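Letter by letter, the chains look like this.
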Amino acid sequence: MANKHVNAVIVGAGAGGGVVAKVLAEAGLSVVLLERGKWHSFDDHTDDELFNQRTTVLGNAYGPDDARYCRVVENPDGSTRTVLPSEGGYNNNAACVGSGTLSYGAMGWRFMPQDFQLKTLYGRPEGSTLDDWPITYDELDHCYERAEWEIGVAGDDEGNPFAPPRKKPRPMPAFPYNKEANILIAAGKRLGWHPFAVPMLRNSIPYGGRPKCIHMRSCCGFACPINAKCGTQNTVIPAAMATGNCEVRTDAVVSEIMLDGRGKARGVKYFDIDDRLQEQTADLVVVSASATETPRLLLNSKSKLFPNGAGNNNDWVGRNLQGHCYCGANGLMDEDIYEEAGPGACVAFSDFSHGNKGLCGGAMVANEFISLPYAFTNTRPPGSARWGLAHKEHQRKYYKRTIRVMGPVQEMPVFDSRVRVDPAVKDHWGIPVTRLSGRRHPHDVEIAKFVVGKVEALLREAGAKSIWSWVPGLGGPSGGQHQAGTCRMGNDPQTSVANRYGQVHEIDNLFIADGSLNVTNGGFNPALTIMALGYWVGEYIVKEWKGGTRFRA
Amino acid sequence: MATKAGKGASRRACLKILAAAAGGVAAGVGGAMTVGKLGRAPEGPWRVLTPEEARLVEAVSEQIIPSDRDPGAKEAGVVHYIDRQLDGPFKRFAEKYRTGLACLAKTSQAMFGKAFEELGWSDQTRVLQALESNKAPKDIWTRPSASEFFGLIRDHSMQGFYGSPRHGGNRNYASYKMLGLEYPRVIGQNRYPDKKG
Ligand SMILES: Cc1cc2nc3c(=O)[nH]c(=O)nc-3n(C[C@H](O)[C@H](O)[C@H](O)COP(=O)(O)OP(=O)(O)OC[C@H]3O[C@@H](n4cnc5c(N)ncnc54)[C@H](O)[C@@H]3O)c2cc1C
């Protein structure tokens, strides 16, 4: 039986897609939210250090699975390799209702106003496609606010003179600092820096009908056993369903956006749980499949007017893949600083986010999520024994004495860092897979070197005896859990994929609402910004709809 | 996509090599324990490893995480973790284990004229150091390389020792106790399920 035609079909129930579903359903549009994964809870994988979304040696707890999915990665020498979802090169986020927001570390950052205008502020480094966002921080402010209140963020701006302006405080108070944070705060202040509490998409008090956080040490990478973490799966998606206007259909793998002869979207094709091909027609289509899957879907959707894929007549779909050039340092302390107070990350400094001489942007730096015992076996000063009694002694002596501080350095968009579809390799359903290629811009590494120097100074001031740091190389393509930028928004169709409202140039009823839209990715974790974009795109669709635009094919 | 490990022929070849390396000790058949100059193979049942391979993996893992005042890999059941995963998510490594273990047995013979399990502690360490630094005889190791195989078994041993007990390793919460970590991890309910701890 054919599926009932609806007003909107949304592909992907992650950070962006979950928000759009709520906004549209509340406005009275009939919505089908298609998600390739399933609903998950803590009980599915509990606190298993080997099988979660952060350490994936036995698989991705919250998808995708190794049996049905794979990707192709181009090595710097042009050769290729096929990678499985549980392997690093895949650049996975997740595949389930909520996607990464089910299991994330839940840092809930706003980008800073400067992050939307890097090109104007600093100029474009050679070899980069750097541009300003077509929208400003001020325009997005109320969307950040909705995300903070409707999904839930704990934090305040006390102590942070660089905090982006806001009209309304966050709904929940900041979390208390743990022992290591207090040491870093004292050290940072001695250096003249400005420590403040990391804003968290996590309940510091009961909120949204869910209890307050119980501080699991296994938090980042895991679903929360008591639902104190705020993702789209336990906030906006249930709210969308509660309107009676939104159906969430899981195990639905979308293979193609159907385009008609006039260049309008008619709906999507997807494979259901029994691998049967289905069609879902709709007045409008929103693609929120993540920065590595949204371009794949567009590129796999060829038609007469778009022979190179939907919205790709100017060859910008899949370009400018970014993540973060994460850098940081570890320090060994003389006494125990570990406190059983997960998730661990709780103090940050924004002193080096912007205004670093000669550098285009920067990064906030924060103490890191608790390292679990197996992960810690790979945290060693250079040259130390990796096994044997020396390994064991280090593990015993320093598991509770190691501080790690890191920063997500903003990356310069690069035209050839990109998502394509592989000409040969297909997934379980016969859909051509994502092929990743390209390298970082050298300027990212310059910024990372600078930031790492600051982190080392902080650890030294905190009393760390042995300090070692890392700066990523140019590497393969960046992306990972912070993947972004591959269908960027812009005013010029020659250099972007969607307009300032996420509407694909030339296809009025096809929208994008996920990290793909990010022109740049901020020196912060991106989820709250992606959620804010969900509101931004959703509000535009609703405004047009109410004004009489029906978007129909 | 994932390559299926073609067991059959190469498995038998490895068994032969292992039997030879073990100085002619009869290879265990149908999971029977081998008693001989190498001592008993660890208690099965084994899903992928032969009892001889299991004994070798156990010896290697114990080198990687030796027992001292806290349990080591052997007591924590690391070999059981590895065997179980080779039948699951690590199916793709099964062939590498089979070949790598056979090459390790040969390396031990080449370096000291004895099976790995027969060597004294520090000679075993030397064999593994040779693997780690890729200084083991190149004619023995082609694919996987010695250091690749060592990296694999080192990493898997760490997983078995420090990971969740639900996968067959970290018996009796050995590593959590060693690190002084409460389990389960819900604050206010910290306790080990067993009374021994
Ligand atoms: C362990 C971990 C920790 C993290 N920590 C943080 C943090 O502390 N702070 C932060 O800001 N961010 C964090 N992130 C990143 C954050 O989760 C992502 O930035 C965010 O979820 C991206 O949003 P998105 O809408 O672009 O894509 P996603 O949220 O990934 O949503 C895409 C959805 O589309 C679905 N999909 C894809 N293709 C198809 C298809 N063909 N058919 C149907 N469905 C499809 C996917 O299954 C997925 O559910 C973390 C992520 C992980 C995994």
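Here is what the cut-offs are and how they apply
Residues numbered from 1 in each chain as written. Chains lettered and ligands numbered in written order. Predicted model: local features only at pLDDT ≥ 70, side-chain atom pairs only at ≥ 80, totals over all residues. Heavy atoms only, no water. Helix = DSSP H or I, 4+ residues; strand = E, 2+ residues; numbered from the N terminus. Rg over C-alpha atoms; globule rule 2.2 N^0.38 Å. Buried < 20%, exposed > 50% of the residue type's maximum accessible area, 1.4 Å probe, protein only. Contact = heavy atoms within 4.5 Å. Areas by Shrake-Rupley, 256 points an atom, 1.4 Å probe, with all protein chains shown as cover. Buried area = accessible area lost by both parts, 1.4 Å probe. Salt bridge = Lys/Arg side-chain N within 4 Å of Asp/Glu carboxyl O. Polar contact = N/O pair within 3.5 Å; in protein donor to acceptor, adjacent residues only side chain to side chain. Nonpolar A, V, L, I, M, F, W, Y, C, P; charged D, E, K, R; others polar. Phe/Tyr/Trp six-rings, centres within 6.5 Å; stacked < 30°, edge-to-face > 60°. Lys NZ or Arg CZ within 6 Å of the ring centre and 35° of its normal. Expected span 1.5 Å × (residues − 1). Near = heavy atom within 4 Å. Core = buried A, V, L, I, M, F, W, Y, C linked by side-chain atoms within 4.5 Å. pLDDT = per-residue confidence, 0-100. Pairing = 2+ DSSP bridges. Axes fitted to C-alpha atoms, helices over the stretch in contact; angles between N-to-C directions.

Asks: I'd like to hear about the overall build of chain A, residue by residue, with values.
Replies: On a plain count of helices and strands, chain A comes out with 12 helices and 17 strands. Taking 2.2 N^0.38 as the reference for a compact globule, 553 residues should give roughly 24 Å; the C-alpha atoms of chain A span a radius of gyration of 22 Å, in line with that estimate. With respect to the three principal axes, the spread of C-alpha positions in chain A is 70 × 55 × 45 Å. For chain A, with 553 residues in total, the buried portion stands at 65%.

Asks: Residues and numbers for the overall build of chain B, please.
Replies: When you go through chain B residue by residue, the secondary structure sums to 8 helices and 0 strands. The secondary structure elements of chain B, listed N-terminal to C-terminal, are α-α-α-α-α-α-α-α. Relative to its 197 residues, chain B shows a buried fraction of 49%. Summarising the internal contacts of chain B: among those between residues at least 6 apart in sequence, 56% fall at separations of at least 24. Carbon and sulfur atoms provide 51% of the accessible area of chain B, an area that totals close to 8800 Å².

Asks: Please set out the interface of chain B and chain A residue by residue, giving values where relevant.
Replies: At the interface, 41 residues of chain B touch 41 residues of chain A. Roughly 3400 Å² of surface becomes buried between chain B and chain A when both sides are summed, with 59% attributable to carbon and sulfur atoms. Summed over the shared surface of chain B and chain A, the number is 5 salt bridges. Between Glu87(A) and Arg92(B) there is a salt bridge, with the nearest N and O atoms lying 3.8 Å from each other. At the junction of chain B and chain A, the tally comes to 19 residue pairs in polar contact (both at pLDDT 80 or more). Broken down by secondary-structure element, the contributors of at least two residues to the side of chain B that touches chain A are α2 (51–64), α4 (78–86), α6 (121–132), α7 (146–162) and α8 (174–179) of chain B. Considering each element in turn, the side of chain B that touches chain A owes the most residues, 6 residues, to α7(B). A breakdown of the residues in the side of chain B that touches chain A according to their chemical character gives 20 nonpolar, 11 polar and 10 charged.

Asks: Could you give an account of unusual backbone geometry, with specific residues and numbers?
Replies: Here Gly44(B) and Pro45(B) are connected by a cis peptide whose omega angle stands at 0 degrees. On the secondary structure map, Pro45(B) appears in the loop between α1 (8–21) and α2. Arg143(B) connects to Pro144(B) through a cis peptide bond whose omega is -5 degrees. Counting through the fold element by element, Pro144(B) comes out in the loop between α6 and α7. A positive phi angle, near 65 degrees, is found at Asp275(A), a position not held by glycine. For Asn172(B), which is not a glycine, the phi torsion comes out positive at approximately 55 degrees.

Asks: Talk me through the packing of aromatic side chains; I want residue IDs and the actual numbers.
Replies: Residues and elements named next belong to chain A. As enumerated under the stated definition, the model contains 25 aromatic pairs over all chains in all. Look at Trp-109 and Phe-196: their rings are 5.9 Å apart centre to centre, the planes differ by 85 degrees, and that puts the pair in the edge-to-face class. Placement of Trp-109 in the loop between α3 (100–103) and α4 (118–122) and of Phe-196 in strand β5 (residues 195–197) is noted, with a sequence separation of 87 residues between them. Like Trp-109, the residue Phe-196 is buried in the burial classification. The cationic tip of Arg-319 hangs over the ring face of Phe-415; the distance from NZ or CZ to the ring centre is 3.8 Å. The residue whose ring lies beneath Arg-550 is Trp-545, and the NZ or CZ to ring-centre distance is 4.2 Å.

Asks: I'd love a proper account of the environment of Ile214(A), names of residues and values included.
Replies: All names here are of chain A. Mapped onto the secondary structure, Ile-214 falls in the loop between β5 and α7 (236–242). By relative accessible area, Ile-214 is classed as partly exposed at 22%. Sequence separation between Ile-214 and Ile-226 is 12 residues; the distance between their C-alpha atoms is 8.1 Å.

Asks: With reference to specific residues and values, describe the pattern of salt bridges.
Replies: Residues and elements named next belong to chain A. Considering all chains together, one arrives at 45 salt bridges over all chains under this definition. The closest approach of N and O atoms between Arg-500 and Glu-139, which form a salt bridge, is 2.6 Å. Highlighted residues: Arg-500 in the loop between β16 (466–470) and β17 (510–512) and Glu-139 in helix α5 (residues 137–152), separated in sequence by 361 residues. Note on Glu-139: relative accessible area 26%, which makes it partly exposed. Of the charged contacts in the structure, one is a salt bridge between Asp-283 and Arg-552, with a shortest N-O distance of 3.0 Å. In this pair, Asp-283 sits in strand β9 (residues 277–287) while Arg-552 sits in the segment after α12 (527–546), placing the two residues 269 residues apart along the sequence. Overall, Asp-283 belongs to the buried group, its relative accessible area being 2%.

Asks: Please provide a residue-by-residue account of α7(B), values included.
Replies: Here α7(B) is 17 residues long and its end C-alpha atoms lie 24 Å apart, about the 24 Å a rise of 1.5 Å per residue gives. Within α7(B), 13 of the 17 residues are buried, which leaves it mostly tucked inside the rest of the structure.

Asks: Mind laying out the site of the ligand, listing which residues take part and the relevant values?
Replies: Residues and elements named next belong to chain A. Near the ligand, the surroundings consist of 39 residues, among which Glu-35, Arg-36, Asn-93, Ser-99 and Ala-527 are the closest. One of the backbone nitrogen or oxygen atoms of Ser-288 is found 3.5 Å away from an oxygen atom of the ligand. Only α1 (15–26), α3, β7 (253–259) and α12 provide two or more residues apiece to the shell around the ligand. Here the shell around the ligand is built from residues that sort into 18 nonpolar, 17 polar and 4 charged.

Asks: Kindly report on the nonpolar core, identifying the contributing residues and their values.
Replies: By size, the foremost hydrophobic cluster in this structure holds 105 residues, and its most contacted members are Leu24(A) and Leu284(A). Looking at this core element by element, the count peaks at 13 residues for α12(A). Core analysis: the next-biggest nonpolar cluster, separate from the first, contains 60 residues, Leu58(A), Leu372(A), Tyr97(B) and Tyr176(B) among them.

Asks: Go over the environment of Gly16(A) with me, naming the residues and quoting the values.
Replies: All names here are of chain A. In this fold, Gly-16 is placed in helix α1. Considering only alpha carbons, one finds Gly-16 and Phe-51, 35 residues apart in sequence, at a separation of 25 Å. If near-sequence neighbours (up to four positions away) are discounted, Gly-16 is found in contact with Ser-288, Ala-513, Ile-530 and Gly-534.

Asks: Would you mind going over the confidence of the model for chain B in detail, with residue names and values included?
Replies: All names here are of chain B. Residue-level pLDDT values for chain B average 82, and 74% of them are 70 or greater. Overall, residues 1–32 carries pLDDT values under 50, and its contacts beyond four positions in sequence, including any with other chains, amount to 45 contacts. The model gives residues 187–197 a pLDDT under 50, and that stretch makes 22 contacts with residues more than four places away or in other chains. Of the two predicted TM-score estimates for the complex, the pTM is 0.94 and the ipTM is 0.95.

Asks: Explain the side chain of Glu293(A) to me, using residue names and the numbers behind them.
Replies: Residues and elements named next belong to chain A. Mapping Glu-293 onto the fold places it in the loop between β9 and α8 (294–299). In terms of polar contacts, Glu-293 uses its side chain to reach the side chain of Arg-296, at 2.8 Å. For Glu-293, the contacting residues outside a window of four places in its chain are Arg-36, Arg-71, Tyr-90 and Thr-434.

Asks: Give a description of the sheet that holds β16(A) that names residues and reports values.
Replies: Residues and elements named next belong to chain A. Strand order in the open sheet formed by 6 strands is β5-β11-β12-β13-β10-β16, with antiparallel pairing between adjacent strands. Each of the sheet's edge strands pairs with one partner strand only, and the pair in question is β5 and β16. Put simply, the sheet's adjacent strands are angled 25 degrees from each other on average, direction ignored. Pairing analysis gives 2 bridges linking strand β12 (residues 365–367) to strand β13 (residues 402–409), with the strands arranged antiparallel. Looking across to β13, one finds that Ala-366 is bridged to Met-406. Its contacts with the sheet put helix α6 (residues 179–190) on β5, β11 (347–349), β12 and β13, and the angle it makes with β11 is roughly 25 degrees.

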